[in-house]
Amino acid sequence: MHYIPVSKPYFWGDELTNVTEAVTSGWISSNGKFIDEFEVKFAEAVNARFAVALNNGTSALQLACDLIGLKRGDEVIVPDFSMIAPLFALEYIGCVPVPIDVDDTWNMDPSLIENEITEKTKAILVVHNYGHPASMIKIAAIAKKYKLRIIEDAAEAIGAEYNGIKVGSWGDVTCYSLYANKIITTGEGGMLTTNNEDLYNLAKFKRNMAFGSSAESRFIHKTIGYNFRLPNIQAAIGCAQIIHLEDSIKHKINIASEYSHHLKNVSGIVLPPSSRNVKNVYWVYGILIEESYGISKNELQTILLKKGIETRNFFMPVHKQPFLKHISIDASKYHKSVKLAKQGIYLPSFIGLSYKEISKIADTIAEIQLKNHRI
Ligand SMILES: Cc1ncc(COP(=O)(O)O)c(C=O)c1O
């Protein structure tokens, strides 16, 4: 049976040449020409002044929290619907996440933020979910009004735009993941971008164990540092990937519009959000399965898997995470994120997925609906 996974990496062709060059040169750790080249190209591609290559996106988030000076007990506004890494980053420091329910874009609803701000609130950690940017004009205005810092988590939304402005342009610091299921990848990897030169210098210093800058001071550590370095071998892959960012995004958008074309009239299927003033880069193609579809999303997933089509559940809401049970959260506030978790799945959408495969998947979903509708 032909198996279609939800995700797999796509290689454009130069990855192996670059990796061979890195290995042949002997620069296989975190020094080497590909690191600098990757950072420069990445910053240019996302419209940032500075980029710092890191070993993964979770490290980028942890470093971002450190850079903006978050401390134990500080409250940070987060979306209730999110991949877990930003919540872990806050937990490493001892910050208190304050989850906000989502709006119809599946991102933090800005109209609910002000109600949650207290004198302990220090930052808003915005996650751009599934490729659709959050409502950054409103969020940035709130941050300005209350003097809050902004961390953007653009791991799932590299290249996405809000009102013609790229994600990453609104925050103090922006974090990206380069994990193998991301739009561009280095296998494992991350990137932190900023337009602030001081934060950039601090990020580079802390990424590499906070070593002193001269031979005499090398082993004198003025502050805590991390080993969050990205190896040159992986940066070599990144250099081959980043030049195809726009092509990669085009593929993602084409996959999404092909799915939407096939699924738009299927009863009980809610398509992913798309708004006029937004460029959604569709990291994944997520749909909601409503009651009128005829069977539950779990039943649908089981049938699809039997036909060789892998799907994935949406995230569990933050307020339901067992590791956060020490924080008192009013669970009645989160109708929309609960609904997303209950009804949401995402379909295969890797670069290289053929139109034939997309129509097979979409037609299967439509046929299952028709069959169950008749019963
Ligand atoms: C929104 C978001 N933030 C952070 C991460 C963590 O990145 P990494 O897996 O590279 O640590 C991911 C996914 O992997 C993610 O989807």
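As the structure is a prediction and not an experimental result, all values here were calculated from the model. (Residues numbered from 1 in each chain as written. Predicted model: local features only at pLDDT ≥ 70, side-chain atom pairs only at ≥ 80, totals over all residues. Heavy atoms only, no water.)

Novice: Kindly report on the site of the ligand, identifying the contributing residues and their values.
Specialist: Taken together, 13 residues form the shell around the ligand, and within it Gly57, Thr58, Asp153, Glu156 and Ser177 come nearest. Contact between the ligand and Glu156: an oxygen atom at 2.6 Å from a side-chain N or O atom of the residue. A distance of 2.9 Å separates an oxygen atom of the ligand from a polar side-chain atom of Lys182. Compared with its free state, where it exposes 380 Å², the ligand has 92% of that area covered by protein. The element best represented in the shell around the ligand is helix H3 (residues 57-67), accounting for three residues. Tallied by class, residues from the shell around the ligand come to five nonpolar, five polar and three charged. (Near = heavy atom within 4 Å. Polar contact = N/O pair within 3.5 Å; in protein donor to acceptor, adjacent residues only side chain to side chain. Areas by Shrake-Rupley, 256 points an atom, 1.4 Å probe, with all protein chains shown as cover. Helix = DSSP H or I, 4+ residues; strand = E, 2+ residues; numbered from the N terminus. Nonpolar A, V, L, I, M, F, W, Y, C, P; charged D, E, K, R; others polar.)

Novice: Before we move on, could you go through the pairing of strand S9 (residues 190-194) and cite the residues and values that matter?
Specialist: The buried count for S9 comes to five of five residues, which makes it a mostly enclosed element. Alternating residues of S9 divide into Gly190, Leu192 and Thr194 and Met191 and Thr193, and every residue in both groups is buried. Alignment of strand S1 (residues 50-54) against S9, held across five bridges, turns out to be antiparallel. Among the inter-strand pairings, Val52 is bridged to a residue of S9, identified as Leu192. (Buried < 20%, exposed > 50% of the residue type's maximum accessible area, 1.4 Å probe, protein only. Pairing = 2+ DSSP bridges.)

Novice: Any chance you could break down the sheet that holds strand S10 (residues 269-270) for me, citing the residues and the numbers?
Specialist: Note: strands within a sheet are paired through backbone hydrogen bonds, in either parallel or antiparallel orientation. Spatial strand order, S10-S12-S14-S13: four strands in an open sheet with antiparallel pairing. Every interior strand has two partners, whereas the edge strands, S10 and strand S13 (312-313), have only one. Inspection of the sheet shows strand S12 (residues 285-289) paired to strand S14 (residues 344-347) by four bridges, in the antiparallel sense. Residue Leu288 lies in a different strand from S14, and its bridge partner there is Gly344. The sheet contacts of helix H8 (residues 245-263) involve S12 and S14, and relative to S12 the element is tilted by about 25°. Its contacts with the sheet put helix H10 (residues 335-343) on S12 and S14, and the angle it makes with S14 is roughly 50°. (Contact = heavy atoms within 4.5 Å. Axes fitted to C-alpha atoms, helices over the stretch in contact; angles between N-to-C directions.)

Novice: Quick one: what's the story with the sheet that holds strand S11 (residues 278-279), residue by residue and with numbers?
Specialist: One open sheet accounts for three strands, arranged S7-S6-S11; its pairing is antiparallel. Each edge of the open sheet is held by one strand with a lone partner, namely strand S7 (165-166) and S11. The pairing of strand S6 (residues 161-162) with S7 spans two bridges and is antiparallel. The partner of Glu161 across the bridge, within S7, is Lys166.

Novice: Requested: an account of the UniProt feature "active site" (unreviewed entry) in the protein chain, with residues and values cited.
Specialist: UniProt annotation of "active site" (unreviewed entry) refers to Lys182 when read in the numbering used here. Checked against the element boundaries, Lys182 lands in the loop between strand S8 (173-177) and S9. Here Lys182 is in contact with Ala155, Glu156, Ser177 and Trp283, once residues within four sequence places are set aside. (UniProt positions renumbered as here; feature names shortened; annotations may be inferred.)

Novice: Explain the pattern of salt bridges to me, using residue names and the numbers behind them.
Specialist: Per the counting criterion, the structure on display carries 14 salt bridges. Its salt-bridge partner being Lys41, residue Glu37 comes within 2.8 Å of it at the nearest N-O pair. Here Lys41 and Glu37 lie together in helix H2 (residues 33-46), a separation of four residues that amounts to about one turn. Judged by its relative accessible area of 26%, Glu37 is partly exposed. (Salt bridge = Lys/Arg side-chain N within 4 Å of Asp/Glu carboxyl O.)

Novice: Just give me the short version of the packing of aromatic side chains, but keep the residues and values in it.
Specialist: Evaluation of the coordinates by the stated rule reveals 20 aromatic pairs. Centroid distance Phe81 to Phe315: 5.4 Å. Interplanar angle 55°. Geometry classified as tilted. Residue Phe81 is located in the loop between strand S2 (75-79) and helix H4 (85-93), and its partner Phe315 is located in the loop between S13 and H10; the two are separated by 234 residues in the primary sequence. Among the aromatic residues, ring-to-ring pairing joins Phe81, Trp106, Tyr130, Trp283, Phe314, Phe315 and Tyr346 into one connected group. Over the aromatic face of Phe211 sits the side chain of Arg218, whose NZ or CZ is 3.9 Å from the ring centroid. (Phe/Tyr/Trp six-rings, centres within 6.5 Å; stacked < 30°, edge-to-face > 60°. Lys NZ or Arg CZ within 6 Å of the ring centre and 35° of its normal.)

Novice: Describe the UniProt feature "modified residue: N6-(pyridoxal phosphate)lysine" (unreviewed entry) in the protein chain, listing the residues and the values that go with them.
Specialist: The feature "modified residue: N6-(pyridoxal phosphate)lysine" (unreviewed entry), as annotated in UniProt, sits at Lys182 in this numbering. Engagement of the side chain of Lys182 in a polar contact is seen with the side chain of Asn181, the distance being 2.9 Å.

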